[in-house]
Amino acid sequence: MKRALFPGSFDPITNGHYDIIKRGIKLFDEVVVSIGINADKKYMFSLEERKVFIEKAFENHPKVKVTTYEGLTVDYCKEIDAKFILRGLRNPADFEFEKAIAHTNRKLSKIETVFLLTAAKTSYISSSIVRDVIRNNGDYTLLVPESVRVK
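These numbers were taken from a predicted model, which means no experiment stands behind them.

A.B. asks: For this particular structure, what's the right way to read the packing of aromatic side chains?
C.D. replies: Each aromatic ring pair is characterised by the separation of its centres together with the angle its planes make. For the structure on display, the rule yields 5 aromatic pairs. Here Phe28 and Phe84 contribute two aromatic rings whose centre-to-centre distance is 5.2 Å and whose plane-to-plane angle is 50 degrees, an arrangement assigned as tilted. Here Phe28, found in the loop between α1 (15-27) and β2 (30-36), pairs with Phe84, found in strand β4 (residues 84-89); they are 56 residues apart in sequence, far enough to count as distant. Judged by its relative accessible area of 6%, Phe28 falls in the buried class. Residue classification places Phe84 among the partly exposed positions, given a relative accessible area of 21%. Against the face of Tyr43 rests Arg50, its NZ or CZ located 3.9 Å from the ring centre.

A.B. asks: Would you mind going over the pattern of salt bridges with me for this structure?
C.D. replies: Applying the stated criterion to the full structure yields 9 salt bridges. The partner of Arg3 in a salt bridge is Glu30, with the nearest N and O atoms 2.4 Å apart. Here the residue Arg3 occupies a position in strand β1 (residues 3-8), and Glu30 occupies one in strand β2, the gap between them amounting to 27 residues. The same class applies to Arg3 as to Glu30, namely buried.

A.B. asks: Help me understand the pairing of β2, please; the structure alone is not making it clear to me.
C.D. replies: Within a regular beta strand, the side chains point alternately toward one face of the sheet and then the other, so they alternate between its two faces. Extensive coverage of β2 is indicated by the burial of 7 of its 7 residues. Of the two faces of β2, the one lined by Glu30, Val32, Ser34 and Gly36 and the one lined by Val31, Val33 and Ile35 are each fully buried. Relative to β2, β1 runs parallel, the two being bridged by 6 bridges. Looking at the pairing, Gly8 lines up with Ile35 of β2. In this fold, the crossover linking β1 to β2 by way of α1 has right-handed handedness.

A.B. asks: What's the story with the environment of Phe28 in this structure? I'm lost.
C.D. replies: Along the sequence, Phe28 and Lys63 sit 35 residues apart, while their C-alpha atoms lie 8.4 Å from each other. Residues in contact with Phe28, not counting those within four places in the same chain, are Lys2, Ala4, Lys63, Phe84, Leu86 and Val114.

A.B. asks: For this particular structure, what's the right way to read the sheet that holds strand β5 (residues 112-117)?
C.D. replies: One open sheet accounts for 5 strands, arranged β3-β2-β1-β4-β5; its pairing is parallel. The sheet is open, and its two edges are formed by β3 (64-69) and β5, each paired on a single side. With direction set aside, neighbouring strand axes in the sheet form an average angle of 30 degrees. As defined by bridge partners, β2 adjoins β3 across 6 bridges and the pair is classed as parallel.

Cut-offs applied
Residues numbered from 1 in each chain as written. Predicted model: local features only at pLDDT ≥ 70, side-chain atom pairs only at ≥ 80, totals over all residues. Heavy atoms only, no water. Phe/Tyr/Trp six-rings, centres within 6.5 Å; stacked < 30°, edge-to-face > 60°. Helix = DSSP H or I, 4+ residues; strand = E, 2+ residues; numbered from the N terminus. Buried < 20%, exposed > 50% of the residue type's maximum accessible area, 1.4 Å probe, protein only. Lys NZ or Arg CZ within 6 Å of the ring centre and 35° of its normal. Salt bridge = Lys/Arg side-chain N within 4 Å of Asp/Glu carboxyl O. Pairing = 2+ DSSP bridges. Right-handed = clockwise from strand over helix to strand, strands pointing away. Contact = heavy atoms within 4.5 Å. Axes fitted to C-alpha atoms, helices over the stretch in contact; angles between N-to-C directions.

Next comes the structure, spelled out in structure tokens:
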């Protein structure tokens, strides 16, 4: 089975994340969307809320599994027998950042990182932009899957 891990904080999941996952399920037998737990980080949405947002967004997609994890991503990949890490790239800065992580992960294990370019229509969206729009009472609904439209 070709299983890929799509890790992130997903605070909240955006239409950009959604697009990468939908395209990833065409490439892999299973995509495990996993929320990394970082106790030092302040989140807008609780871990449970973020998990529910993703589960609801993909409730009709049996190839998508939603989990949480702590620690190194490569260790979690070994734990769930994922041979690939799936990542989205929006811009050159993302590429440089993700390239360094991919090289490190490859050095620590034999995990392959697969990069997908975000769709042009979602390439400007980030979770931090969505949070800023929400904090300032803006219309964030065009930036996120319907499952996040709760406020």
